[in-house]
Amino acid sequence: GSEMCIRDRGLGALIAINLPWSRLPVRTALEGAAGEQGLYSALEQLPHGPVLEIPRRLEPILRDRQDSMYMLASTSHWRPILIGFTAHLPPPYLLLNRIAQDLPSPSAVRRLAHLTDLRWIVVHWNSLPPGKKREWQKATDSGLLRVYESGEGAIFTVPPSQDSGKRMDAETSTTARA
């Protein structure tokens, strides 16, 4: 008798868990995912290449949260992230992040192109500091080419040049240099 009662309760609980009205609401892991989907879908359609997402933060607490969101978003486009996020910051991280603060200035574009093989820059309009959106809307003056734009942001490409990625080996090498 009691064995049957326990089994029936277990079966009842299993049925109740699977009824649609009993499911807990789920919040998407990527905040704003619905709003950013067009931007990441467009990136997914572009040729493979490293991505830099803007804005970037220098402060660790803001940087860590934002970098985590960019890393999570990368699972929708599967492109390598230029300034990727890990628990251990690789030596070039701070340098590249600092240069990225000056984007879209022509000198920052040139430095990043010279140091890396950066291909795509994804700019999120609503996350930019005040006044920066206007600068990014004129980014083609810096040598960048706009390949996609929507209300959520824009994607720019860094045209390759003979200097593209020229310093990558030095940047990632563990050998001391002058």
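See the structure shown above.
This text gives an overview of the structure that appears in the document. Because the structure is predicted, anything quoted here is derived from the model rather than measured. Residues take numbers from 1 onward in each chain, read along the sequence in its written order. Since the coordinates come from a predicted model, pLDDT governs what is reported: local features require at least 70, and pairs of side-chain atoms require 80 or more to be given and counted, while whole-chain, interface and lining totals use all residues. To get the side-chain values, all heavy atoms of the structure are used, and hydrogens and water are removed first.

## Digging into the overall build of the chain
Working step 1: Every helix listed is a DSSP run of H or I at least four residues long, and every strand listed is a run of E at least two residues long, numbered separately from the N terminus. When you go through the chain residue by residue, the secondary structure sums to seven helices and four strands.
Working step 2: Reading the helices (α) and strands (β) of the chain from amino to carboxyl end gives α-α-β-α-α-α-β-α-β-β-α.
Working step 3: Only protein chains enter the calculation, and the probe is 1.4 Å; a residue is then buried if its accessible area is under 20% of its type maximum, exposed if over 50%, and partly exposed in between. Relative to its full complement of 178 residues, the chain shows a buried share of 37%.
Working step 4: The contact criterion used is simple: two residues touch if any of their non-hydrogen atoms lie within 4.5 Å. In the chain, of all internal contacts separated by at least 6 residues, the share reaching a separation of at least 24 is 70%.
Working step 5: When the accessible area of the chain is evaluated, it comes to approximately 11,000 Å², of which 59% is carbon and sulfur surface. Residue exposure ignores everything except the shown protein chains as possible cover, and the areas themselves are Shrake-Rupley values with a 1.4 Å probe.

## Comments concerning helix α4 (residues 92-100)
Working step 1: Every buried residue of α4 is accounted for by P92, Y93, L96, N97, I99 and A100. Along the axis of α4, the buried positions cluster into a sector of 160°, meaning they face one direction only. By arc we mean the arc of the directions from the helix axis to the C-beta atoms, nothing more.

## Digging into the sheet that holds strand β4 (residues 153-157)
Working step 1: Read across the sheet, four strands follow the order β1-β2-β4-β3 without closing on themselves; strand pairing throughout is mixed. At either margin of the open sheet sits one strand with a lone partner, and together these are β1 (51-54) and β3 (145-149). In this sheet, adjacent strand axes meet at a mean angle of 25° when their direction is disregarded.
Working step 2: Paired strands are those between which DSSP finds at least two bridges. Bridging between strand β2 (residues 120-124) and β4 involves five bridges; their strand directions are antiparallel. The partner of I121 across the bridge, within β4, is F156. Axis lines are fitted through C-alpha atoms, for helices just across the contact stretch, and the angle between N-to-C directions can take any value from 0 to 180 degrees.

## A word on the side chain of R56
Working step 1: Counting through the fold element by element, R56 comes out in the loop between β1 and α3 (60-77).
Working step 2: Contacts described as polar in this section are N or O atom pairs within 3.5 Å, which, within protein, must combine one atom able to donate a hydrogen with one able to accept it, while residues neighboring in sequence count only if both atoms come from side chains. Among the polar contacts made by the side chain of R56, one reaches the side chain of Y93 at a distance of 3.4 Å.
Working step 3: Apart from the residues within four sequence positions on either side, R56 is in contact with Q66, D67, Y70, I83, Y93, N97, A100 and Q101.

## What about the environment of P92?
Working step 1: Relative to the elements of secondary structure, P92 occurs in helix α4.
Working step 2: P92 gets classed as buried once you look at its relative accessible area, which sits at 15%.
Working step 3: Taking the C-alpha atoms as reference points, P92 and L115, 23 residues apart in sequence, are found 9.6 Å from one another.

## Points about the pattern of salt bridges
Working step 1: Only one rule defines a salt bridge in this text: a Lys or Arg side-chain nitrogen within 4 Å of an Asp or Glu carboxyl oxygen. Under the defined criterion, the tally for this structure stands at four salt bridges.
Working step 2: Between R56 and D67 there is a salt bridge; the shortest N-O distance is 2.8 Å. Here R56, found in the loop between β1 and α3, pairs with D67, found in helix α3; they are eleven residues apart in sequence, far enough to count as distant.
Working step 3: In this structure, R146 and E149 form a salt bridge, with 3.3 Å as the shortest nitrogen-oxygen distance.
Working step 4: For R146, a relative accessible area of 30% corresponds to the partly exposed category.
Working step 5: Residue classification places E149 among the partly exposed positions, given a relative accessible area of 39%.

## Some thoughts on the pairing of β3
Working step 1: The pairing of β3 with β4 spans four bridges and is antiparallel. Note on β4: the bridge partner recorded for L145 is T157.
Working step 2: The turn joining β3 and β4, which pair antiparallel and follow one another in sequence, is formed by three residues.

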